Amino acid sequence: MRRTSRAPPQQAPQREAPMELHQVTSFTPLASLGGGILIGLSAVMVMALLGRIAGIAGITSGMMGRLVPMPGAAQDWGWRLAFLAGLIAAPVVLMLAGNGVPQTVPASLPGMAAAGLLVGLGTALGSGCTSGHGVCGLARLSRRSAAAVALFMAAAFATVFVLRHGLGAA
């Protein structure tokens, strides 16, 4: 009888997942309803009181004109600063009140940077962001905003499909 030696099977090198693809979130209908009401109320207040669209991309770019002087920069930076400060302060106040704000950050900083640059490029090409087009534009029955939201959603569906199925991350 011939004796053969078997080497133990080699394991494939494990690769680091660049982003968490299986984030489980709990359904919170009351909190979601409250958040939606607050977002809608803020959009209505900005439009009614200031005659402006409550789109984060436009608000932020208006603030950038204050930080980096440029011709044609918005001069109404006070309300923009208050709006952005409120976006930052709200979760801080919530945490100080004892309520956790669960947040996950992907492990890949280059992936986050690339995603941020792509979102910035998309908002520039689309002349606005999801809050401006999705919340304010759709409420005004803007056809341009409806087209932008349809493209946002198609891109989101395609991204999720590729990340979950195309890259083998089932």
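Residues numbered from 1 in each chain as written. Predicted model: local features only at pLDDT ≥ 70, side-chain atom pairs only at ≥ 80, totals over all residues. Heavy atoms only, no water.

Visitor: Tell me what's going on with the side chain of Ser142, and back it up with residues and numbers.
Guide: Of note, Ser142 is situated in the loop between helix 5 (130–139) and helix 6 (143–166). Within polar-contact distance, the side chain of Ser142 engages the backbone nitrogen of Arg144 at 3.4 Å. (Helix = DSSP H or I, 4+ residues; strand = E, 2+ residues; numbered from the N terminus. Polar contact = N/O pair within 3.5 Å; in protein donor to acceptor, adjacent residues only side chain to side chain.)

Visitor: Which residues make up a nonpolar patch on the surface, and what are the values?
Guide: On the surface, a nonpolar cluster with roughly 510 Å² of combined accessible area is contributed by Leu38, Leu41, Met45, Leu49 and Leu50. Mapped onto the secondary structure, Leu38 falls in helix 1 (residues 29–50). By relative accessible area, which is 56% here, Leu38 ends up exposed. (Patch = residues over 30% accessible without salt bridge, like charges linked within 9 Å, V, L, I, M, F, W, Y side chains within 5 Å. Areas by Shrake-Rupley, 256 points an atom, 1.4 Å probe, with all protein chains shown as cover. Salt bridge = Lys/Arg side-chain N within 4 Å of Asp/Glu carboxyl O. Buried < 20%, exposed > 50% of the residue type's maximum accessible area, 1.4 Å probe, protein only.)

Visitor: Tell me about the pattern of salt bridges, and please be specific about residues and values.
Guide: Summed over the entire model, instances satisfying the criterion amount to 2 salt bridges. Close ionic contact of Arg52 with Asp76 constitutes a salt bridge, the shortest N to O distance being 3.5 Å. One end of the pair, Arg52, is in the loop between helix 1 and helix 2 (56–67); the other, Asp76, is in the loop between helix 2 and helix 3 (77–96), with 24 residues separating them in the sequence. Judged by relative accessible area, which is 28%, Asp76 ranks as partly exposed.

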